[in-house]
Amino acid sequence: MNIILFGPPGAGKGTQAKLLQNEYNIPHLSTGDIFRAAIKNKTPLGVKVKSILDAGELVPDETVVDLVADELSKEKYQDGYILDGFPRTVVQAEAFDAFLEKNNDSLDAFILLSVPEEELIKRILSRGEGRSDDTEEKVKTRLKVYHDETEPVMKHYQKQNKVQKIDGIGSIDEIFERITKQLS
Ligand code: ADP
């Protein structure tokens, strides 16, 4: 099963992706986690993307697409995966569609976690993960980038009739149950 978990920053994608990974026994791929690990380890990729993440902007499409294609070609993803943070632009979505087609594979679900903007800001500023992009100013930039560049990805998958919208307000367990109900 191939799933895209989609939604604005602070919607709870990472939290739900980890629960889904255990439930369905398929790995979770978070591009944000990969970039943060690369920055921490000061790899060439990390050096390249650090200032971009710090600013709350997007890493160039080509970098992200190559990274995800490489990662998804690994053995552990052969029975499916949960994508979190990708695709984040229409260019990335088109590249992902082409990747699936090339591998004779398809997307099973596109789950949109819907959370109002005031709640997102509140959640991010109170989660205290110490992320350099979790300041009020950077969160506003990330939400604007989401609105301008990422939301069109939803329309892209609406055209394919894939989008399943989930109410992202409630307890972690309640939201998890809504998602698994949709998927079954
Ligand atoms: P959030 O959803 O809370 O913004 P993520 O961990 O998904 O957090 O992403 C953190 C940052 O990593 C983004 O602001 C962006 O700079 C970078 N990033 C992650 N995924 C992508 C992507 N698919 N394309 C471009 N940049 C990305």
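Above: the structure in question.
Let me begin by describing the structure that accompanies this report. (Residues numbered from 1 in each chain as written. Predicted model: local features only at pLDDT ≥ 70, side-chain atom pairs only at ≥ 80, totals over all residues. Heavy atoms only, no water.)

### Quick look at the packing of helix α2 (residues 31-40) against helix α4 (residues 61-72)
One way to put it is that α2 packs onto α4 with a least axis distance of 11 Å and a crossing angle of 100 degrees. With respect to α4, the element α2 is oriented roughly perpendicular. Across from T31, I34 and F35 in α2, the residues of α4 making contact are V64, L67, V68 and E71. Residues belonging to the contact of α2 with α4 are distributed by class as follows: 5 nonpolar, 1 polar and 1 charged. (Axes fitted to C-alpha atoms, helices over the stretch in contact; angles between N-to-C directions. Helix = DSSP H or I, 4+ residues; strand = E, 2+ residues; numbered from the N terminus. Parallel < 35°, antiparallel > 145°, perpendicular 65-115°, else oblique. Contact = heavy atoms within 4.5 Å. Nonpolar A, V, L, I, M, F, W, Y, C, P; charged D, E, K, R; others polar.)

### Some thoughts on the nonpolar core
As a rule of thumb, soluble globular proteins bury nonpolar side chains together. Counting residues in each nonpolar core, the largest one holds 27 residues, and the members touching the most others are L72 and F96. Mapped by element, the contributors of at least two residues to this core are β1 (2-6), α3 (44-55), α4, β3 (81-84), α5 (90-102), β4 (109-114) and α7 (136-158). Beyond its immediate chain neighbours, meaning those up to four positions away, L72 contacts L29, Y77, Q78, Y81, L83, F96 and F99. (Core = buried A, V, L, I, M, F, W, Y, C linked by side-chain atoms within 4.5 Å. Buried < 20%, exposed > 50% of the residue type's maximum accessible area, 1.4 Å probe, protein only.)

### Focus on the packing of aromatic side chains
Within the structure shown, the criterion is met by 7 aromatic pairs. The interplanar angle of 70 degrees and the centroid separation of 6.5 Å between the aromatic rings of Y81 and F96 together place this pair among those described as edge-to-face. Residue Y81 is found in strand β3, and its partner F96 is found in helix α5; the two are separated by 15 residues along the sequence. Feature note: the residues Y77, Y81, F86, F96 and F99 constitute an aromatic cluster, connected by ring pairs. (Phe/Tyr/Trp six-rings, centres within 6.5 Å; stacked < 30°, edge-to-face > 60°.)

### Some remarks on the layout of surface pockets
The calculated volume of the largest pocket comes to roughly 1000 Å³. Lining the largest pocket are 46 residues, with G10, K13, D84, R127 and R131 positioned closest to its centre. Those elements that provide at least two residues to the lining of the largest pocket are β1, α1 (13-24), β2 (28-30), α2, α6 (117-127), α7 and α8 (172-183). Here the lining of the largest pocket is composed, by residue class, of 17 nonpolar, 16 polar and 13 charged. Roughly 190 Å³ of volume is contained in the second largest pocket. Along the walls of the second largest pocket sit 13 residues, with P8, V115, L120, Y146 and E151 positioned nearest its centre. Element by element, the count of residues in the lining of the second largest pocket is highest for α7, at 5 residues. Its residues assigned to classes, the lining of the second largest pocket shows 8 nonpolar, 2 polar and 3 charged. (1 Å grid on protein atoms, 1.4 Å probe; cavity = no way out; pocket = protein on both sides within 12 Å on 5 of 7 lines; lining within 4 Å. Points joined across faces, edges and corners; volume = space filled by probe spheres on them.)

In short, shape yes, function no, at least from these values alone.
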